[in-house]
Amino acid sequence: MTERNRYPGYDVLAKRHSLSWNDATRKVMDARLGVPREPRFLRQMEWDTLVAICERIIPQPQNRPPIPLAAYIDQKLQNDARNGFRNAALPPQREAWKKGLAAFEAEACLRYEHSFHNLKERQQDELLHRAETGQSDASVWSGMDASLFFSEHVMSDIIAAYYAHPTSWNEIGFGGPAGPRGYVRMQNGRRDPWEPVEAGPGDETRVRRENQRVR
């Protein structure tokens, strides 16, 4: 999978020692970049299922290191870092993820006689779609609403994990937290010098040179 680079030459990590970032931002980013790539909360089978789900929800380009989505979610569960709210129809997040991953694995074995992470991509997509639309086998979901789990955790947690990483910030031209420098030119079509330029077709070379100066 490849995609057009909308912000060629831009690397948000180049802001590390500039006025754009302060010690608090650097500390947060160091923690995010240092997340262990092996499971600490989930068991191996749960981890394998989660990795496969993440790869289907957000397929990532092959021309860069992948954002460690499963690792971010495992860390969230390890720390029991909650959002401050939850749908009362779902159990707490640790229990919800345990039940959900077990259900995907059980339904994979029931329908295809293979573990979820060993299924073909179209089979994984089918099981994810069945969960999303509430058509999963209720007998393997331990009383939990599959559709609600899909929207509240599968989609929400995985997307949040993706956009917590600086690689995704490079893709969308995001400079990170607004402090301490902040943003000044708030009008449509205006940008501050420390924000990257989006490239149009055929304009990549000029934009790359300009974005390499962004700090």
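Residues numbered from 1 in each chain as written. Predicted model: local features only at pLDDT ≥ 70, side-chain atom pairs only at ≥ 80, totals over all residues. Heavy atoms only, no water.

Under an unreviewed UniProt entry, the name given to the chain is Gluconate 2-dehydrogenase subunit 3 family protein, and the organism recorded is Acetobacter fallax.

(A) Geometry of the overall build of the chain. Counting its regular elements, the chain contains eight helices and zero strands. For the chain, the α and β elements follow one another from N to C terminus as α-α-α-α-α-α-α-α. Projected onto the principal axes, the alpha-carbon positions of the chain cover approximately 55 × 35 × 30 Å. Counting all 215 residues of the chain, 42% fall into the buried class. The long-range share in the chain, meaning contacts at least 24 apart out of those at least 6 apart in sequence, stands at 64%. Here the chain has roughly 11,800 Å² of accessible surface; of this, 50% comes from carbon and sulfur atoms. Both charge centroids of the chain, one from 31 positive and one from 29 negative side chains, sit 8 Å from each other. (Helix = DSSP H or I, 4+ residues; strand = E, 2+ residues; numbered from the N terminus. Buried < 20%, exposed > 50% of the residue type's maximum accessible area, 1.4 Å probe, protein only. Contact = heavy atoms within 4.5 Å. Areas by Shrake-Rupley, 256 points an atom, 1.4 Å probe, with all protein chains shown as cover. Lys, Arg positive; Asp, Glu negative; His and termini not counted. Charge placed at Lys NZ, Arg CZ, Asp CG, Glu CD.)

(B) Here's a closer look at the pattern of salt bridges. This structure, assessed with the given rule, holds 16 salt bridges. R64 is paired through a salt bridge with E171; the nearest N and O atoms lie 2.9 Å apart. Placement of the pair is R64 in the loop between α2 (44-57) and α3 (69-78) and E171 in helix α7 (residues 166-172), with a sequence separation of 107 residues. The closest approach of N and O atoms between R206 and D203, which form a salt bridge, is 2.6 Å. Since its relative accessible area comes to 39%, R206 is described here as partly exposed. (Salt bridge = Lys/Arg side-chain N within 4 Å of Asp/Glu carboxyl O.)

(C) Local environment of the side chain of R130. Mapped onto the elements, R130 comes out in helix α5 (residues 121-132). In this structure R130 comes out as buried when scored by relative accessible area, which is 18%.

(D) Quick look at the packing of α2 against helix α4 (residues 93-112). Across the interface, α2 lies against α4 with an axial gap of 9 Å and an inter-helix angle of 80 degrees. Classed by the angle they form, the pair α2 and α4 counts as roughly perpendicular. Residues M45, E46, T49, L50 and I53 of α2 touch α4, and the partners they reach there are W97, K98, L101, F104 and E105. (Axes fitted to C-alpha atoms, helices over the stretch in contact; angles between N-to-C directions. Parallel < 35°, antiparallel > 145°, perpendicular 65-115°, else oblique.)

(E) Geometry of the domain arrangement of the chain. Assigned domains within the chain: domain 1 (1-20 + 175-215) and domain 2 (30-166). Between the C-alpha centres of domain 1 and domain 2 there is a distance of 32 Å. Facing the five residues of domain 1 at the interface are seven residues of domain 2. Here domain 1 meets domain 2 over a buried area of about 550 Å², counting both sides, of which 60% is carbon and sulfur. (Domains from an automatic or database assignment. Buried area = accessible area lost by both parts, 1.4 Å probe.)

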